[in-house]
Every structure is written in C-alpha cells, then in structure tokens.
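Descriptive structure summary
Single-letter residue listing:
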Amino acid sequence: MGYKVAVVGATGNVGREMLDILAERAFPADEVVAIASRRSQGQEVSFGDKILKVKALDTYDFSDTDICLMSAGGEASKEWSPRIGQQGCVVIDNSSAFRYDADVPLIVPEVNADAVAGFTKRNIIANPNCSTAQLVVALKPLHEAAGIKRVVVSTYQSVSGAGKDAMDELFNQTRAVFTAGEVTNTKFTKRIAFNVIPHIDVFMEDGYTKEEWKMVAETKKMLDPKIKLTATAVRVPVFIGHAESVNVEFERPITPEQATEILRAAPGVLVVDKRENGGYITPHEAAGEDATYISRIREDATVENGLAFWCVSDNLRKGAALNAVQIAEVLINRKLLQKAKQAA
C-alpha cells in the first residue's frame, strides 16, 4: 500500500531536502504533493526525476493525505498543524511550535522511537532542533553505558540553519570582502563573512539564547530529565553542516576506547577518529551525508569520568529533513498509521 505525502514549505532549504530524501530512500508514497504559501503557488520543485508544481497551503484539502512533512516555520505551523491533524493527516513538524507540548512526541528515531506512539493525541509529531538532533544521537548510547550527569556543548552552526536568505548573506558578504564592496547585514546581527557570532535566536532573561535553551529542554525531554546541560550556540561562516564540541561527565567510569566501541556500534553514528592530520570529520565532508560523525574522542581529566568529543552532521538532513522522513518510516514500519485510522 502506498501513502499520500504532503511537503509543506517545499520551496525552502529543508522542504527541498525533504523531497530529495523521500526520493532517495524510495519512500512508499503513491503521491507526493509540494505545498507552500500562496506567493510560491505554481513554482516548480524537483522530486526524484519528476517536477512538482507547488500548491497553496491555504486552499489545500488534507483529508485524503496520510502524512504531512511540515517545514514552513513556527508561526505557520501553529496555525496549520492542528487543523491538518484534525483532518486525519499526521503532521511531522520541523519547527519549535510543538516540541515542548506534553501531548506531542519529540522524536529522534535512534534515540526514542517508541515514544512516537503518543502522536494520536494531536496527530502531530515534533522534529527536534538541528543542533539537538545530532547531539542526542551521540549521547544516547553513551548514556545507556555509563549514565550522563552533565554536558557542556559549544556549537559551530552553519548559516543554512537560518534559511536561504542567510546563505545568500554569507555569499554576498564574502564576495563584497573580496571585491572591496559594501558589506551589509540584514539576516544576522553582525557581519558573518570571516567572522563568528555567539548569538542564535532571541536572548532570554537569564542571558542564554533561545537556541541554547532548546538544546537543554529537548535533551531532557528525549533522553533523560535528570541530565544537566549547558550550551553556547555560535553561528559560523559555513554553508551546510553543524559541528559541536561536547564535554560529558558520567556517573560511572568510561574510557575513550570503550566510548569509541560503543559509538561505532550505535545506529546513525560514524566514528572517524585517527588522531593524525586530517583524521577527523569537518562540516565540509558531512554535507550531503546522513550520519552523525564523531571524532576527537578523548578523556577529560578535569572531572571524574569525563570525556570530550567532536560531533558533526548535515543540519539540513539529520538536523531536519532526514529525521522527519525517518519518523514517517517509523510510523509505517510499526503500522501506526493503520492503527490510528482503525481507532478513528
């Protein structure tokens, strides 16, 4: 049996990636529909070897659609996801709109796939923040082995996480620097070309940014509420791929060698850690790949049972589009869509 899948936000960075991944993974869809705002209606997007014409969200009927991959931003999702869910279509939402809702499961399939069954309360499943997704893929097997007490993470996040306009801004500013042109900031608060900006999302009262808060809240919801985590989120002049410097304190002893073996066996993880020139992964190599890459695994001798490592992944794929498609695959493989329809 094939499914009908809608991709909302199909003209954006993540929406296009969703269409590519559905095609790459031969997702069992009889029909895939590209949807966006009215101003994008009639635009064409690629899906495998087909071209899809974009339909308008505000006039589309979802009642015969099985799964909606939503990547249209938080405000659009708040308005539309509940309506779409009420029509019997399961929404997998890439925004932060429903991540912290107790009735909405927040899912990374390698970490907490069993929690997906809770979607029936609202017919919505949340995709985590891009920087959290790759982090918890790495932390989950280590937490099972030695129990995580505390995590300190600094992120090096690419501009594609802020959308296509942000990518254009990095390109245009870089060109302006080389041609002695005027460097203008519209998307970022400071120049991003040849610079790093320790500010992603809005500032909160305690001095952390919303991006940093998301990493704390989402790790606790998906992995373990007892884990203490502090984050510093930084935007870097890279087009695609987020990197993270991760420092972990465990309840029980764990050596770098043990951690390496555990991570090598973990789903979704690839360890590249040669301790030599170039024996590690950077965002450049991770772009276009599905894995969460781990390098630089070593002891942190400043605390008892401490480890440090480097974590890299394509933020448009595992951080967004791939994770959403993997959630849809869990729904199908566990026959949860049929059970939900029978219950209805």
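Just above, that's the structure.
Residues numbered from 1 in each chain as written. Predicted model: local features only at pLDDT ≥ 70, side-chain atom pairs only at ≥ 80, totals over all residues. Heavy atoms only, no water.

**So, the packing of helix α4 (residues 130-146) against helix α7 (residues 256-264)**
Here α4 crosses α7 at 125 degrees, and the two axes come no closer than 9 Å. Judged by the inter-axis angle, α4 sits oblique to α7. Here α4 runs over α7; the crossing is right-handed. Note on element contacts: α7 touches α4 through A259, I262 and L263, opposite A138, P141, L142 and A145. Residue composition of the contact of α4 with α7, by class: seven nonpolar, no polar and no charged. (Axes fitted to C-alpha atoms, helices over the stretch in contact; angles between N-to-C directions. Helix = DSSP H or I, 4+ residues; strand = E, 2+ residues; numbered from the N terminus. Parallel < 35°, antiparallel > 145°, perpendicular 65-115°, else oblique. Left-handed = near helix turned anticlockwise from the far one by under 90°. Contact = heavy atoms within 4.5 Å. Nonpolar A, V, L, I, M, F, W, Y, C, P; charged D, E, K, R; others polar.)

**Some remarks on the sheet that holds strand β5 (residues 55-56)**
Pairing is parallel in the open sheet, where six strands are placed in the order β5-β2-β1-β6-β7-β8. Of all the strands in the sheet, just β5 and β8 (124-126) have a single pairing partner and so form its edges. In this sheet, β5 lies alongside strand β2 (residues 29-36) in parallel orientation, the contact comprising two bridges. Within the sheet, the bridge partner assigned to A36 lies in β5 and is A56. Sheet strands in contact with helix α9 (residues 317-333) are β1 (3-8), β6 (67-70), β7 (90-93) and β8, and its direction is about 150 degrees off that of β7. (Pairing = 2+ DSSP bridges.)

**Regarding helix α1 (residues 13-24)**
Every α-helix carries 3.6 residues per turn, so stepping three or four residues along brings you back to the same face. In a regular helix each residue adds 1.5 Å, so 12 residues correspond to 16 Å; α1 covers 17 Å between its end C-alpha atoms and thus fits that length. Within α1, burial applies to N13, V14, G15, E17, M18, L19, I21 and L22. Looking at the residues trailing α1, positive phi occurs at A26, about 50 degrees. (Expected span 1.5 Å × (residues − 1). Buried < 20%, exposed > 50% of the residue type's maximum accessible area, 1.4 Å probe, protein only.)

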